[in-house]
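A look at the structure
Listed here are the chains, written in short residue letters.
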Amino acid sequence: MGRKKSPVDPPVCSLCEAPAVMNQQYSRRSLCSTHFINDVEERVFQVIEKKKMIRAGDRIAVALSGGKDSTALLLLLALHLPKWQDVSLIAVTVDEGIHGYRDETIRAAERVAENVGVEHSVVSFQDLFSDNLDTLLKGREEQACTVCGILRKKALIEGAKKVRATKIATGHNLNDEAQSVLMNVLRGDLPRLVRNSGIDTADSFLPRIKPLAEIPEKEVASYLFVKGMFLLLPECPYRGFALRADVRSMLSGLEHRNPGTMLRLMESRKKIEKYLEWEKVSGPLHRCRQCGDPCSGDLCQVCRLLLSLAR
Ligand SMILES: [Zn+2]
Ligand SMILES: [Zn+2]
């Protein structure tokens, strides 16, 4: 006989009445550990299938920083790997050379790759740009995330080319994606706003896929936790400098008070994209005169940045 539910009762799963570990406010469901794990794994697989992110013959370079998002990404891709024909994974870690932060995360990345039986490759700023991030940033720490973001993207592309990958997978979650949408709106950067979709080929010949783009950050972290993986890693020391930090806290407040805000923001972006004529927004594509990468002007973002840092 069921007794009346009191407000002090612990929440139970909406699907099986076992104790709930996740309250998914945007779906109005509570989920137990089994149903929560299934839900995340199923949704990630569906996104990959729906957007045709992975095709037969692909060799996917998984950007593995060693943090929670990329760790979850590698775990999930390795789990689903048998479902795809002739597809292989290789983990690629970028070593920016951030003192007191990167060494530990590289070791974490190595362990994760070894645990799931995936090959691992490290590519460093030092090798690619002949300097580490700490040296490049001396005296301009406030630009850290911008500089690092641009160079890391380039390093990842080079690292992926080196291991003959056909695609790059990154661990961007729903929060990251929603933050980017809002930041691009705040900056008035329409080309970047619509370019940020599931498969992005705009700045290299290597398509980038983001299989976690519909999973909230909280659920990515809980997924690892429920799976018994505790990641206690240092946070990037440059993290607080960016506009992203403001947008992050604003959005998480909004999501808390109005569940579903982040998903609706992504919907808005999709609608804008649908009505845009891409050529009018982006302008014609050129080649960088320094490195030959596709870009919108005379020099690509990376070459322009390296030139300004050298000054
Ligand atoms: Zn359940
Ligand atoms: Zn260039």
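These numbers come from a predicted model, not from an experiment. (Residues numbered from 1 in each chain as written. Chains lettered and ligands numbered in written order. Predicted model: local features only at pLDDT ≥ 70, side-chain atom pairs only at ≥ 80, totals over all residues. Heavy atoms only, no water.)

Digging into the nonpolar core
The condition that has to hold: Definition of nonpolar core: a set of buried residues of the types Ala, Val, Leu, Ile, Met, Phe, Trp, Tyr and Cys, connected through side-chain atoms within 4.5 Å. Only protein chains enter the accessibility calculation, which uses a 1.4 Å probe. A residue is then buried if its area is under 20% of the maximum for its type, exposed if over 50%, and partly exposed in between. Strands are runs of DSSP state E lasting at least two residues, helices are runs of H or I lasting at least four, and both sets are numbered from the N terminus onward.
By size, the foremost hydrophobic cluster in this structure holds 37 residues, and its most contacted members are Ile-54, Ile-60, Leu-74, Leu-77 and Tyr-223. When residues of this core are traced back to their parent elements, those giving at least two are α1 (33–50), β3 (59–63), α2 (68–80), β4 (88–95), α3 (102–115) and α9 (217–226). Element by element, the count of residues in this core is highest for α1, at seven residues. Membership of the second largest hydrophobic core comes to 34 residues, among which are Ala-61, Ile-98, Leu-156 and Leu-206.

A closer look at unusual backbone geometry
Positioned with a positive phi, Asp-86 is a non-glycine residue whose angle comes to about 55°. With a phi angle near 60°, Arg-164 is a residue other than glycine that sits in the positive phi range. One can find Arg-164 in the loop between α6 (144–162) and β6 (167–169).

What about the environment of Met-262?
Mapped onto the elements of the fold, Met-262 is located in helix α11 (residues 261–275). By relative accessible area, Met-262 is classed as buried at 4%. In the structure, Met-262 is positioned 80 residues away from Leu-182 in sequence and 9.7 Å away in space, judged by C-alpha atoms.

Let's talk about the packing of helix α7 (residues 174–187) against helix α10 (residues 243–257)
To be explicit about the condition: Every axis in this analysis is a line fitted to C-alpha atoms, fitted for helices over the stretch in contact. Angles between the N-to-C directions lie between 0 and 180 degrees. Crossings are assigned a handedness: left-handed for a near helix turned anticlockwise from the far helix by less than a right angle, right-handed for a clockwise turn. Contacts: residue pairs with any heavy atoms within 4.5 Å of one another. Throughout, the ten residues Ala, Val, Leu, Ile, Met, Phe, Trp, Tyr, Cys and Pro are labelled nonpolar, Asp, Glu, Lys and Arg are labelled charged, and all others, Gly among them, are labelled polar.
α10 packs onto α7 with a crossing angle of 115° between their chain directions and a minimal axis gap of 10 Å. The way α7 lies across α10 gives a crossing that is right-handed. Only Leu-243, Arg-244, Val-247, Arg-248, Met-250 and Leu-251 of α10 make contact with α7, whose side of the interface consists of Asp-176, Ala-178, Gln-179, Ser-180, Leu-182, Met-183, Leu-186 and Arg-187. Grouping the constituent residues of the contact of α7 with α10 by class yields eight nonpolar, two polar and four charged.

Some thoughts on the coordination of the zinc ion (ligand 1)
Convention followed: Water is not among the atoms examined, so metal sites may look incomplete; donors are the N, O and S atoms within 2.8 Å of the metal, or within 3.2 Å for Na, K and Ca.
Every protein donor of the zinc ion (ligand 1) is accounted for by Cys-13 (SG), Cys-16 (SG), Cys-32 (SG) and His-35 (ND1), and the metal-donor separations fall at 2.0 to 2.4 Å. All donors to the zinc ion (ligand 1) come from one chain, and their sequence spacing reads C-x2-C-x15-C-x2-H. You can see Cys-16 sitting in the segment before β1 (22–24) and its partner Cys-32 sitting in the loop between β2 (29–31) and α1, a full 16 residues away along the chain. Residue classification places Cys-32 among the buried residues on the basis of a relative accessible area of 4%.

Side note on the coordination of the zinc ion (ligand 2)
Quick note on the threshold: Square planar and octahedral sites, with four and six donors, are those where opposite donors lie more than 155 degrees apart and all other angles lie between 65 and 115, tetrahedral sites have four donors with every angle between 85 and 135 degrees, and the rest are irregular.
Within the protein, Cys-288 (SG), Cys-291 (SG), Cys-300 (SG) and Cys-303 (SG) serve as the donor atoms for the zinc ion (ligand 2), at 2.3 Å. Every donor counted, the four donor atoms about the zinc ion (ligand 2) form angles of 105 to 115° at the centre, which fits tetrahedral coordination. For the zinc ion (ligand 2), the single-chain donor residues occur in sequence as C-x2-C-x8-C-x2-C. Note on accessibility: Cys-300 and Cys-303 belong to one class, buried.

Let's talk about a nonpolar patch on the surface
To keep it simple, the criterion reads: Only residues whose relative accessible area exceeds 30% and that form no salt bridge are eligible for patches; like-charged ones are grouped when within 9 Å, while nonpolar side chains (Val, Leu, Ile, Met, Phe, Trp, Tyr) are grouped when within 5 Å. In these tables, accessible area is a Shrake-Rupley quantity obtained with a 1.4 Å probe, and a residue counts as shielded only by the protein chains included in the view. For salt bridges, the criterion is a side-chain nitrogen of Lys or Arg within 4 Å of an Asp or Glu carboxyl oxygen.
Together, Val-21, Phe-225, Val-226 and Phe-230 make up a nonpolar patch on the protein surface, roughly 400 Å² of accessible area in all. Looking at where Phe-225 falls in the secondary structure, it is placed in helix α9.

Describing the pattern of salt bridges
Close approach of charged atoms lets side chains of opposite charge pair. Summed over the entire model, instances satisfying the criterion amount to 16 salt bridges. The salt bridge partner of Lys-68 is Asp-69, with a shortest N-O separation of 3.6 Å. A relative accessible area of 28% means that Lys-68 is categorised as partly exposed. For Asp-69, a relative accessible area of 18% translates into the label buried. In this structure, Arg-269 and Glu-273 form a salt bridge, with 3.6 Å as the shortest nitrogen-oxygen distance. On the criterion of helical spacing, the pair formed by Arg-269 and Glu-273 is a turn pair, its members being four residues apart in helix α11. The class of Arg-269 is buried, set by a relative accessible area of 6%.

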